[in-house]
Amino acid sequence: MEGGTEMKVMTIVQAVTDAIDIKLQEDPNVVVYGEDVGVEGGVFRATEGLQKKHGVHRVFDSPLAESAIVGTAVGMAMNGLRPVVEMQFCGFVYPAMNQIISHAARIYNRSRGRYKTPMVIRFPYGGGINALEHHSESMEAMYAHIPGLKVVIPSTPYDAKGLLISAIESDDTVIFMEPKRIYRAIKQEVPEEKFTIPIGKAKVLHPGTDVTLIAWGAMVREAQKAIVMAKKEGVSVELIDLRTIYPIDRDTIIASVKKTGRAVIVHEEPVSFGTGAELTAILNEEAFLNLEAPVNRIGGFDTIVPLPRGEHHYIISPEKIFYEMMKTVKY
């Protein structure tokens, strides 16, 4: 349910803090931890003030050991707690992949439903902030390919709060990826009280008739800029914020493309074997006879995200999105 009358202007990082705060107050089984999460409030201050408010037994710092962070969370979740753990950067998750793939994603199936892992693994992801190596990955397709995980990416403060509360309340392991490039770049009125947004439901942000543009995370803002350019050319663009990478909202995507006849998908992750490829397959299977042009994928290069001096060559610009949209419309 989405609701609330008392509103407060928040950034994405503030909305994340607010969501965690609400669940810590509401549910004594929620615990929050990770590297520098407690005293410092996280590298991006997403948990700032929560240890002071809720105590060191509910919000605390962990050793610098990602595998241990996720491994202990699995044990906690199996025994009735709801851990919300932070990986400091997207590229730091890799040491924990054995715990994620072999245990967090499989315990329910392995135990034939006897044990669940209601836990959230949240971390900042994506480029655009001139960071070092292992800080700028956008690897959502990798997590979505692992059976047993849900993968969620908000693009606004409102969605960040509602989706994170839903993630914490889910009985499944949820990978919650936060686009750090827009952590503080977007401000929005968000209800102060608790509300949830269903996981697995995309949102039509801008109705249109000529082409469907599908994006998520930081790419939604770039897509919105491209739509302004397209409007000047008389092109009507329907923009869909995917919000959940897995499970994908097939119905919303298919209905939109059946209406517009064209689809352009933009994502920051490498283009090969990416989420765009899965969306293209869905549209070929379910809306092929409605397509008036091939589905167009705009993605990152199949390379490691460059260091700061070359990062601008990698990041997808509104101009590139506009160019590809026009190419699809004129096909």
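Parameters at a glance
Residues numbered from 1 in each chain as written. Predicted model: local features only at pLDDT ≥ 70, side-chain atom pairs only at ≥ 80, totals over all residues. Heavy atoms only, no water. Axes fitted to C-alpha atoms, helices over the stretch in contact; angles between N-to-C directions. Helix = DSSP H or I, 4+ residues; strand = E, 2+ residues; numbered from the N terminus. Parallel < 35°, antiparallel > 145°, perpendicular 65-115°, else oblique. Left-handed = near helix turned anticlockwise from the far one by under 90°. Contact = heavy atoms within 4.5 Å. Nonpolar A, V, L, I, M, F, W, Y, C, P; charged D, E, K, R; others polar. Buried < 20%, exposed > 50% of the residue type's maximum accessible area, 1.4 Å probe, protein only. Polar contact = N/O pair within 3.5 Å; in protein donor to acceptor, adjacent residues only side chain to side chain. Pairing = 2+ DSSP bridges. Phe/Tyr/Trp six-rings, centres within 6.5 Å; stacked < 30°, edge-to-face > 60°. Lys NZ or Arg CZ within 6 Å of the ring centre and 35° of its normal.

Caption draft 1: Molecular detail of the packing of helix H9 (residues 250-260) against helix H10 (residues 275-286). Where H9 contacts H10, the axes come no closer than 10 Å and their chain directions differ by 60°. If you check the angle between H9 and H10, you find them oblique. For the pair H9 and H10, the sense of crossing is right-handed. Counted together, Arg250, Ile253, Ile254, Val257 and Lys258 of H9 and Leu279, Ile282, Leu283, Glu285 and Glu286 of H10 form the full contact between these two elements. Looking at the contact of H9 with H10 residue by residue, the class counts come to 6 nonpolar, no polar and 4 charged.

Caption draft 2: Layout of the side chain of Thr156. Following the sequence through the fold, Thr156 ends up in the loop between strand E6 (149-152) and helix H7 (157-169). For Thr156, a relative accessible area of 17% puts it in the buried group. Within the local environment of Thr156, its side chain forms a polar contact with the backbone nitrogen of Asp159, the two atoms lying 3.1 Å apart. Not counting residues within four places of it along the chain, the set of residues in contact with Thr156 comprises Ile12 and Gln188.

Caption draft 3: Up close: the sheet that holds strand E11 (residues 237-241). On the basis of which strands lie adjacent, the open sheet formed by 5 strands has the order E9-E11-E10-E13-E14 and mixed pairing. Each edge of the open sheet carries a strand with a single partner, namely strand E9 (203-206) and strand E14 (296-300). Geometrically, the sheet is characterised by an average inter-axis angle of 25° between neighbouring strands, direction not taken into account. Bridge count between strand E10 (residues 211-215) and strand E13 (residues 263-270): 3 bridges; the pairing is parallel. The partner of Thr212 across the bridge, within E13, is Ala263. Docked against the sheet, H9 engages E9, E10, E11 and E13, running at close to 170° with respect to E11. Relative to E13, H10 is tilted by about 155°, and along the sheet it contacts E10, E13 and E14.

Caption draft 4: Molecular detail of the packing of aromatic side chains. Per the counting criterion, the structure on display carries 7 aromatic pairs. Here Phe44 and Phe89 contribute two aromatic rings whose centre-to-centre distance is 5.6 Å and whose plane-to-plane angle is 70°, an arrangement assigned as edge-to-face. With Phe44 in the loop between strand E2 (30-34) and helix H2 (50-54) and Phe89 in the loop between strand E4 (82-86) and helix H4 (97-104), this pair connects stretches of sequence that are 45 residues apart. One exposure class covers both Phe44 and Phe89, and it is buried. Just above the ring of Phe301 sits the side chain of Lys320; from NZ or CZ to the centre is 5.3 Å.

Caption draft 5: Structural detail: the environment of Ile254. With respect to the helices, strands and loops of the structure, Ile254 is situated in helix H9. A relative accessible area of 11% places Ile254 in the buried class. Taking the C-alpha atoms as reference, Ile254 lies 9.8 Å from Asn284; in sequence the two are 30 residues apart. Setting aside anything within four residues of it in sequence, one finds Ile254 in contact with Ile282, Leu283 and Glu286.

Spatial relationships are all this shows, so hold off on functional conclusions.
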